[in-house]
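What follows is each chain in one-letter form.
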Amino acid sequence: MAIIYNEKKRTFSLHTAKTTYQLKIGNLNYVKHLYYGATIQDEDLIYLVRRYDRGFSGNPYESLKERTFSLDAQPQEFTTQQQGDFRINSIEVQNADGSFSFNGRYRSHKMYKGAFTLNGLPTAIATENDTVDTLELVIEDSVTKIQVTLLYSVFEEADIIMRAARVHNGGEGEISLKRIMSVNMDYMNGRNLDLVSLPGRYGQERQVERQPLTHHVHKIRSGRGISSHQQNPFIALVDRTANEEYGSCYGFSLMYSGSFIAEVELDQYDQARLVMGINDRLFSYVVGPGEDFDTPAVLMTYTHKGLTKMSHNYHNFFRNNLNRSKFVKDVKRPILINTWEAAFFDFDDEKLVEIAKAARDMGVEMIVMDDGWFGKRDDDNSGLGDWVVNEKKIKCGLPKLVSQINDLGMKFGIWFEPEMVSEDSDLFRAHPDWAMEIPGRRAVRSRNQLVLDVSRREVQDYLIRSINGILDSANIYYVKWDINRAITDLWSNVLPADRQGEISHRYVLGLYRVMDGIIKTHPDIMFEGCAGGGGRFDSAMLTYFVQYWSSDNTKPLDNLKLHYGSSFVYPVCTMGAHVSTASPMVPIETKAAIAMCGTFGYELDATKLSKEEIEKCRKMSGYYHKFYDLNFFGDYYRLTNPFEPVNLVAWECVAKDKKKALLTVVTVHLTVNGPQEYIKCKGLLPNRKYRITGDGNEWTATGMALMHAGVPVPREIPEFTAFLYHLEVID
Ligand code: GLA
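Bear in mind that the values here come from a model prediction, so they are computed numbers and not experimental data.

The rules behind the values
- Residues numbered from 1 in each chain as written.
- Predicted model: local features only at pLDDT ≥ 70, side-chain atom pairs only at ≥ 80, totals over all residues.
- Heavy atoms only, no water.
- Helix = DSSP H or I, 4+ residues; strand = E, 2+ residues; numbered from the N terminus.
- Rg over C-alpha atoms; globule rule 2.2 N^0.38 Å.
- Buried < 20%, exposed > 50% of the residue type's maximum accessible area, 1.4 Å probe, protein only.
- Contact = heavy atoms within 4.5 Å.
- Areas by Shrake-Rupley, 256 points an atom, 1.4 Å probe, with all protein chains shown as cover.
- Lys, Arg positive; Asp, Glu negative; His and termini not counted.
- Charge placed at Lys NZ, Arg CZ, Asp CG, Glu CD.
- Phe/Tyr/Trp six-rings, centres within 6.5 Å; stacked < 30°, edge-to-face > 60°.
- Lys NZ or Arg CZ within 6 Å of the ring centre and 35° of its normal.
- Salt bridge = Lys/Arg side-chain N within 4 Å of Asp/Glu carboxyl O.
- Pairing = 2+ DSSP bridges.
- Right-handed = clockwise from strand over helix to strand, strands pointing away.
- Near = heavy atom within 4 Å.
- Polar contact = N/O pair within 3.5 Å; in protein donor to acceptor, adjacent residues only side chain to side chain.
- Nonpolar A, V, L, I, M, F, W, Y, C, P; charged D, E, K, R; others polar.

**Student:** With reference to specific residues and values, describe the overall build of the protein.
**Tutor:** Within the protein, the secondary structure is distributed over 12 helices and 39 strands. Computed over C-alpha atoms, the radius of gyration of the protein comes to 27 Å, within 12% of the 27 Å expected from 2.2 N^0.38 for 731 residues, which places it in the range of a compact globule. Overall, the C-alpha framework of the protein stretches about 85 × 70 × 45 Å when taken along its three principal axes. Taken across its 731 residues, the protein has 62% of its residues classed as buried. For the protein, the share of sequence-separated contacts (at least 6 apart) that also reach a separation of at least 24 residues comes to 69%. Surface accessibility of the protein: about 27,100 Å² in total, with carbon and sulfur atoms responsible for 49%. Each charge class in the protein can be summarised by its mean position, and for the 84 positive and 94 negative side chains these summaries are 3 Å apart.

**Student:** I'd love a proper account of the packing of aromatic side chains, names of residues and values included.
**Tutor:** If you walk through the whole model with that rule in mind, you get 42 aromatic pairs. Measuring from centroid to centroid gives 5.2 Å for F537 and Y548, while their planes differ by 20°, and the two rings are stacked. Taken together, the positions of F537 in the loop between β27 (526-529) and β28 (547-549) and Y548 in strand β28 put the pair 11 residues apart, joining distant regions of the chain. Measuring from ring centre to ring centre gives 6.5 Å for W699 and Y725, while their planes differ by 80°; the resulting arrangement is edge-to-face. You can see W699 sitting in strand β37 (residues 698-702) and its partner Y725 sitting in strand β39 (residues 722-729), a full 26 residues away along the chain. By relative accessible area, which is 24% here, W699 ends up partly exposed. Members of the aromatic cluster, connected to one another through ring pairs, are F234, Y314, F318, W481, F537, F545, Y548 and Y570. The ring of Y628 has K332 lying over it, and the distance from NZ or CZ to the ring centre is 5.2 Å. Directly above the ring of Y477 sits K411, whose terminal nitrogen or CZ lies 4.6 Å from the centroid.

**Student:** A description of the pattern of salt bridges should follow, citing residues and the corresponding values.
**Tutor:** Two side chains carrying opposite charge are able to pair once their charged atoms lie near each other. Applying the stated rule across the entire model yields 46 salt bridges. Between K616 and E612 there is a salt bridge, with its nearest N and O atoms 3.8 Å apart. Highlighted residues: K616 and E612, both in helix α10 (residues 611-626), separated by four residues, approximately one helical turn. The exposure class of E612 is exposed, given its relative accessible area of 57%.

**Student:** Describe the pairing of strand β22 (residues 366-369), and please don't skip the residues or the numbers.
**Tutor:** Side-chain alternation along β22 places M366 and V368 on one buried face and I367 and M369 on a second face that is also buried. One ladder, built from three bridges, connects strand β21 (residues 336-338) with β22; its direction is parallel. Within β22, the residue paired with L336 across the bridge is M366. Across four bridges, the pairing between β22 and strand β23 (residues 411-416) is parallel. Bridge pairing in β23 places M366 opposite K411. Once you follow β22 into helix α4 (residues 398-407) and on to β23, the crossover reads as right-handed.

**Student:** Could you give an account of the site of the ligand, naming the residues involved and the relevant values?
**Tutor:** In the region of the ligand, 13 residues are neighbours, and D370, D371, R447, K480 and D552 sit closest. In the environment of the ligand, an oxygen atom lies 2.9 Å from a nitrogen or oxygen atom belonging to the side chain of D482. Within the side chain of N484, an N or O atom sits 3.0 Å from an oxygen atom of the ligand. Compared with its free state, where it exposes 310 Å², the ligand has 97% of that area covered by protein. For the shell around the ligand, the class distribution of residues is four nonpolar, three polar and six charged.

Spelled out as C-alpha cells, the structure:
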C-alpha cells in the first residue's frame, strides 16, 4: 500500500516511488497539509508547523481563547469558508438557509487499491504495470451536513498523484456551490517559488512564462468555455533556482476542457496557497439533498530534479495512463495529408483522389478530408450541424470515395465540428432553440457560427446519432474533431432560471458524454482533437484523442516555440504537426524535421509540388518511420530555449534504454563569420560509445563526450538548415 495511515499520530503519508505527500488530522479535527516533496519516512512532520498569536487572524470558537490557533496561518488540506482564513479558498457554498459558510472537519476515511473514477468526468487509468492506491478522506460540516470527500490516487511508479473533490449534500435543503476547487495545496514557505504557465493566443499557443510569486493572488484562467489558446490548464511552481536539471518542481495538470482557474497566493507570512479547478466566474451549481457534485481531477507531480524530470513524469504518464486507444502504442500512426491548407472549401471527390495519388509518392499513408464535405458548406457561413454528405462535392458518395482511396493503398480520414451550428443549416431551421442564446438578446457570432447547447440530452443524442451514422457508413480510419470558437451566451432553454449558472459545466459534461458515445464506441478509429489549432489541448482531451492539432500556425520557426512550450507537459506523440507551404524561405527538409517533433504529416496541395519536392518529402517520410519509436516513446530533452536569442534550436529524443537517440538541430540564425557552435546532448550512457551521423560526417564518441563536450554543428550551410543526428551505441 502506497498510503500509510498512522493511527496514533493521525497522519496519512502518500508515497510514490520518489515523493511523499503528508496530511494530518490536527487540532479540532481540521485536516492539515504537512508536506509534498522528495521521499521521507512516515514520521510526523507536525513539528514544521509553529503557532503564534497573529493579529487580525481570528481563532475558531472551540479553540477556547487559544489565540495561537488560526486557520489564517495554518496549512490546510482543503479550506473552510468564513472561519477566519482570509486567503483564497477552495470552496464557496451558499447553504440552504442562505448563509455562506463551510467548516469542514475530519469525519472518516477509506483506502483501497486502484484509482478513483468521477461521475461523467475523465480520470487517469491504472495499467497492469502500475501500483495504484486511493485514499478517500471525508470532511464534514457538522451544522449543514455538507461533506467534501478529498480523493487521492497515488500512481506509485509514475510519481503522480491524482486528486479531486466530491461534494455531498447531506442536509435537507438545496445548496448552491459558488466555487469548488479540485485541489488546494499549501506551502509553508513560498517566497522562493516561481510560477510557470503556458499563455498564448490563436496561432501562438503554449508559449512559456515564468514569474516570481509576489504578495498577491496570481490568477491563470480561461473563461472561454474551452481550456483555450490563451491559457493552458497546466501550471508549475518551481524553485527560483530550478532549471532543466536541478531544483524542486511541482506540476499541476487539470483534467478539464472548459473554463478553469488556477490561483496562487503568497500570503502575509510568505506561505503560498495554490488552488485549481472549474472557473468560478459565471458558475453556481445547485446540489439537492442527497446529491453529489464531482470536481475534475488534477494530476500532480513533484521532482527535485528540475524541469526536464517534471516533463518526463508527465510524458510517461500521458502515454501510459490517459488513453486506452490502440493508436497510443500498439498501432503505428499513419503519415497523413490534410486538405485544409491545400484546398480550403474548394474540393470535390476527384480533387481528393488526385491529391491522394500525388501524396502517396511522398510516402503519405492517409488523406484527411477537412472542413467542407457536408451540408451546404462552401464557406464558413453555412452548413455546420448538417452531418450529411454534400453530394455536389462528393459526387460518388462517401463509401465509394473511401474505397477509391483505399484502392490506392491509403487510409481515409474525415473532419467534424460537432458542437457548432450555422444559422443557415437545416439543423438550425428545425431546432433554433438548440443554439445558445440569452432570452431577449441575439447571440454573439464567431466565425459566423453559433454554439449548440451541448448540455441538453437531445442535442447530445443528435450528435452521437448523426456522426456515428457517417462513421459507420464507410471505411473511416481517422477523425479530426474540431471546435472553432469560444463559448458565449450561456443559456439553456431547458433549465430553470436559478440553474443557469450550471450551463458552462454541464456543457463540458455533455461534451464528454458525446465523446464517449462516438469515440469510445469506435476503438478502431484514430481520433485527433482540434480547436482552431490547440485551443482545447488538455489532459482531459487526451483521454479521448491520441493527438491534438497543435496550432493553425504551421510556420516552422514559430512551431519551434510552440513545441518547446507544449513539451513542458505534453509528449511529442500528442502534438499534431504538419509540413505546409508557409514560410517558403525555409527548406522543406527543415520543415519536416520540425514537424517530426510532433505527430508528422503534410498540409499542402501535393499536386502542386515539383518532382524534386516530392522526392524530398518521400525521404523525410522515411525518417518519420525510422525515428518513430524514438520520437513517440523516447525521453524528450529540451536542449536550447527558443525564447532566448539563440542561433540554434535543438532537442533530443532518447530511447528508454539510452542506446539510440535522435538529436535535431535547426539553424535559426546564421551569423556571418561566426563562432563554431556546439550542442551538448543529454540522457546518454556516459561510458558507451556512440556512432553519430546526420551532417554528412560520421564519427564516434562516448556518451560522456557528447554530453559534456557536445556535437559541433556545421556552419558553412544554407540558411535554416536542420540536422537530424542519429546516435547509436556501437560498443
Ligand atoms: C480550424 C482547424 C483547421 C481547419 C479549419 C476548418 O481552424 O484548426 O485545421 O480544420 O478549422 O474550418
